[in-house]
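Report on the structure
Each chain, written out:
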2 protein chains.
Amino acid sequence: MENLWLAARAEGLGVGWVSFFRERDLARILDLPPHLEVVAYLCVGYVDDFPPEPELSLGGWAKRRPLSWAVHRENYGRRGLPGEEPTSLLEETIAAIEPLHQRAVNEARDRQERMTKPPGSLGVLEEVSVRLAGLAGECPPPIPEPAAVAVFAGDHGVHAQGVTSWPQEVTSQMVHNFLDGGAVVNAFAEQVGTEVTVVDVGVVADLPSVAGLLPRKVARGTADFTKGPAMTRTQVAYALEAGIEVARDLVSAGNRCLITGDMGIANTTPSAALIAVFTGADPAEVTGRGTGLDDAAHEHKIEVVRRALAVNEVDPADPRGVLAAVGGLEHAALAGFILGASAAGVPVLLDGVIAGAAALAAAALEPGSMNACFAGHRSAEPGHSAALQHLGLRPLVDLELRLGEGSGALLALPLLQASVRALRDVATFDSAGVSGHT
Amino acid sequence: MENLWLAARAEGLGVGWVSFFRERDLARILDLPPHLEVVAYLCVGYVDDFPPEPELSLGGWAKRRPLSWAVHRENYGRRGLPGEEPTSLLEETIAAIEPLHQRAVNEARDRQERMTKPPGSLGVLEEVSVRLAGLAGECPPPIPEPAAVAVFAGDHGVHAQGVTSWPQEVTSQMVHNFLDGGAVVNAFAEQVGTEVTVVDVGVVADLPSVAGLLPRKVARGTADFTKGPAMTRTQVAYALEAGIEVARDLVSAGNRCLITGDMGIANTTPSAALIAVFTGADPAEVTGRGTGLDDAAHEHKIEVVRRALAVNEVDPADPRGVLAAVGGLEHAALAGFILGASAAGVPVLLDGVIAGAAALAAAALEPGSMNACFAGHRSAEPGHSAALQHLGLRPLVDLELRLGEGSGALLALPLLQASVRALRDVATFDSAGVSGHT
C-alpha cells in the first residue's frame, strides 16, 4: 500500500481509498484470482498541490517500483498504464531478457589472463566471473550481495498416490519452522548473510499473515496428475506471475543475487515428470528416492511418473502446458522467479532438483534466461544431474545434499561472490611487478 | 615482546633487557638457528611489587601464551621451565593430540537424526559436523570462526632442473603481492572474513620486516634433490617447529580454524615426490602439470621426480627423513602447522596438492592429527587426489582450481561453518512440532 502511494505520488497522482463494497462482488467484476484479498478500492487522480518530499522516500525504504507494475486495467493481468497498450507480465518479462554483454565478457576474460595467478588456475570460477560480468554489462561486475532466498511452498495432489513417506501437513509445518528460524535454510542463510522470504503459492493449509511470508496462494495444492492435469493454464499463469513479481520486488529492495528455495511434500515426483518431459529421459533414469524411499517404493514412484506422462498430453514445445499437466505450483513460480531475475540482469543461484525442473521450464519459455542461472549444487537426486546436463550448468557444490529449501544454493553464494571479488581486487602482473612465465 | 612481558608478569617475574652484546657471538653460544634475529637479551627475575593489572590484558589483546612456549634452556630447542624435564616441541605437540571425543561424536550423530530434515539429507556436511564436535569435545561445537590462513613460503633447489616455466623470483614477488593485498588469497580471505599471515620459511630473496610477514627463514631455499637431500634433518626440525609455533600463536590469538596456504615456485615437484613416497604411487601417476606445462615438460618433470627417488634413500616410516630428502621447507612447516592445530583441538582446512603432501607427512608423524584435517578442495593436480584418497579425506570444493596460496581452502570455510551452524541452530522434530516420516 505504501509503495503504491509512493508510486502514485511519483507520477503526480493523488490517492484516496474506498472501503464500502462487497469484496467478492468486486473480485468477480474485475476477474481477480482467489489469492487476492481486497482490502480497499483506491481512487487515483491528479491533484493541485503536494508537500515538498514524500516521507517514505526520505526513510531509505525499498526502491520505487514502476507504477505500471501494480496497474491492472479492467481485468486482473491486463497490465499497462492508461494510454499504453496492455501487456502480459510474462511477455513483458521475457522481452526484457537481454543476451550477455559481449564487451564485458571480453574484458573479464582478458583480465583473468592478466591477474597475478597462472592462467586458468581459478578453474570453474573464472568462467563464473566472466558470465557475471556479461550479465551485469560491466567488468568487474558488482559483487552479488546482498542476496535473498525465496522459498516457494506448495502441495501436490499426487501425494495421494503414496509417493513419499512424509505426511502432507509437513509442508505447512515446515513453513512455520522457516518463519520461526528453525530450519536448515535459516541456519545456512544466517551463515552467508542472506534474508529468507517464504512464498505460499499453493499450500493446502491456511497460513498466518505474518512478516516473512508472502501470501500468493493460487490453489490449495495441485490436482493428482495421474488422473488429469495438475493445474489449469490460468493457475500456471498466476504462479508464473507470482514468481516474477517476487523476483522484481526483491531486486527493487536492493538484492543483487536471488536464490531459489522450495518446500512441498511429494515435490520430487512432479520434478521427475517435468525433467522426463523436457530432457526426453526415461522416468526410471530421472526419478529418485526423494527423502529416502526403499526399492519397492522407488519402483512405485517411477510407475506413478509413467502414468502421469501417459494420462496427460505433454509437449516440451508448450512449457506452460507441461507445467499445467505434470508440474507443481512452486515449479511454475520458480520458473517465473528465474525469468524475473534474468530480466533484471541479476544472477540466480539454483538449488536442487526442484529448481532444476523449474529451470528447464524457464529455459523452454526463454532460453536466454539461462545466462543468469548458476547451479548452486548437485543434488543426490538422479533427475537433477540430467537437468543440469541438459541446461549445460556445472554445479558449484557437490556434497550429496538432498534437502531442498534453498540449502544447497545458499552454500554456493560465497563461491559466486569470491569469483567476482577476485576479478575486482586481484592485481595484474604489470601492476604488482610480478614476472610472467616464459 | 609484549606477550613475553605479559607471560613473565603472569608468572610473577619481572623483565629487564640488555642490548650490549655482539649478536652473532651470542647466537653461537646459544646454538640459535639462523632465522632468529637477536634484538635483546632479557633478564628475568622475581620482584617485590607490581601495579594492580597488566595493561595489555585489559586491552583485549591476544590470549596469554604459556611461558614455557618461549623458554629454551641453554640451547635452542631444549624446552621446559627451570625445574622441569626438557622436552622437544614436536614430541610435546604429538603427545597433546587427542582422539575424537566419542561422547560428543555420538551426541552430534543423534542430533543429526532428530533435526527437522530428512535423515542424511545434509550429505557430506553431516559427518563434517560430527567430526568437528568430536574434535571440540562438545556438541554443538563452536562455529569455526574466526579463521586464519597462514601462507608458508619457500624456494626449491630443484627449480634448477627446469620443472616450471616460472622464474624463481616470482616466489618473493608474490610474497610482496600478498603483503600488498593484491593476490587471490587476499581476495578470497576478505570474502570469508579471514586474516592472512605470510610465513617466510625458506624464500631465497631477502624480505622486508613488515606487519603480516613472520620471518622464520630456515634456509635460502632447499638444495636440488636430484643431487642429494633437499634439506638437513635439523632444517626439517626447525621448519616443523616454525609451523607448530605459528599454529599455536594463531590459536592463542583467538582463531578457531586454521587454513593452510603455500607459495613456492616449483613446489609441485617436491609435492609429487612426497606423495609418491607416502602413497607408494608411481611418479607418473602423481606428477602433474603444475601451473601449466606442455607434454614434453611434463615428461621431464616426471623424470626429475624419479631421479630424486633414485638418488635419495626414502623410507615412509621415517617421515622426517623423507621430508629432508625430497620435501620443501614449506611442506615441513605445513606438517608442523597441522600437528600444532591438531594438538590445540582446532580444525585445519587443507588447501591443494602442497598441503596434501604435507598432510601425508603429518599423518606419518602422527595419524591422529588427521582427525583435525578437512580437505578444503580437490586440486586439478593428479597427486592431490592420490593424497586425499590415501588420507581418506573428501574434498568440500571441487572446481578445478590449481592455484595454491590457500585459495581453495578459503572457499570451503563457509561450508565448514554452515555445517556447525546447522547442528547448533536447527530445530528438532519435537521442538518444532513437525511430523516425522512413517
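None of these values were measured; they are calculated from a predicted model. (Residues numbered from 1 in each chain as written. Chains lettered and ligands numbered in written order. Predicted model: local features only at pLDDT ≥ 70, side-chain atom pairs only at ≥ 80, totals over all residues. Heavy atoms only, no water.)

1. Focus on the domain arrangement of chain A
Residues and elements named next belong to chain A. The test is simple: Here the bounds of each domain stem from an automatic or database domain assignment. Two residues form a contact once any of their heavy atoms are found within 4.5 Å. We define buried area as the total accessible area lost by two parts upon association, computed with a 1.4 Å probe and summed across both. The salt bridge criterion pairs a side-chain nitrogen of Lys or Arg with a carboxyl oxygen of Asp or Glu, the two atoms within 4 Å. Throughout this description, a polar contact denotes any pair of N or O atoms lying within 3.5 Å of each other; where both atoms belong to protein, one of them has to be capable of donating a hydrogen while the other can accept it, and for residues adjacent in sequence the pair is counted only when both atoms sit in side chains. When residues are grouped by polarity, Ala, Val, Leu, Ile, Met, Phe, Trp, Tyr, Cys and Pro land in nonpolar, Asp, Glu, Lys and Arg in charged, and all others, Gly among them, in polar.
Per the domain assignment, the segments of chain A are domain 1 (2-50) and domain 2 (147-422). Distance from the C-alpha centre of domain 1 to the C-alpha centre of domain 2: 33 Å. The interface is formed by four residues belonging to domain 1 together with five residues belonging to domain 2. Considering only the side of domain 1, the residues that lose the most area to domain 2 are P33, P34 and H35, jointly responsible for 92% of the buried surface there. In this structure, the connection of domain 1 to domain 2 is made through zero salt bridges. Here domain 1 is connected to domain 2 by zero residue pairs in polar contact (both at pLDDT 80 or more). For the side of domain 1 that touches domain 2, the class distribution of residues is two nonpolar, one polar and one charged.

2. Details of the relation of the copies chain A and chain B
To be explicit about the condition: Least-squares superposition aligns the copies on the C-alpha atoms of those residues with pLDDT at or above 70 in both.
When chain A is fitted onto chain B, the two copies agree to an RMSD of 0.2 Å after a turn of 180° and an axial shift of 0.1 Å. Interpreted geometrically, this transformation is the action of a two-fold axis. Taking C-alpha positions as reference, the residue of chain A nearest the rotation axis is V397 of chain A, located at 3.1 Å. Taken as a fraction of all interface residues of chain A, those also at the interface in chain B reach 100%, which identifies the copy contact as same-surface.

3. Here we look at the pattern of salt bridges
Residues and elements named next belong to chain A. Convention followed: Per the convention used, a helix needs a DSSP run of H or I reaching at least four residues, while a strand needs a run of E reaching at least two, with both numbered from the N terminus. Working definition: with a 1.4 Å probe on protein chains only, accessible area under 20% of the residue-type maximum means buried, over 50% means exposed, and in between means partly exposed.
Summed over all chains, the structure comprises 32 salt bridges over all chains. Between R233 and D318 there is a salt bridge, with its nearest N and O atoms 2.4 Å apart. Here D318 lies in the loop between helix 12 (295-311) and helix 13 (319-326) and R233 lies in helix 9 (residues 233-252), a separation of 85 residues in the sequence. In this structure D318 comes out as partly exposed when scored by relative accessible area, which is 25%.

4. Comments concerning the sheet that holds strand 3 (residues 147-154) of chain A
Residues and elements named next belong to chain A. For clarity, the threshold we go by: Here, strands pair whenever DSSP counts at least two bridges between them. With axes taken as lines fitted to C-alpha atoms, and helix axes fitted only over the stretch in contact, angles between N-to-C directions fall between 0 and 180 degrees.
If you walk across this open sheet you meet the six strands as 5-4-3-6-7-8, and the pairing is parallel. Bordering the open sheet on either side are strand 5 (213-215) and strand 8 (373-375), each of which pairs with just one other strand. The average undirected angle you get between the axes of adjacent strands in this sheet is 30°. In this sheet, strand 7 (residues 348-350) lies alongside strand 6 (residues 257-263) in parallel orientation, the contact comprising two bridges. If you follow I259 over to strand 7, its bridge partner there is L349. With respect to the sheet, helix 17 (residues 407-425) is in contact with strand 3, strand 6, strand 7 and strand 8, its orientation differing from that of strand 6 by roughly 165°.

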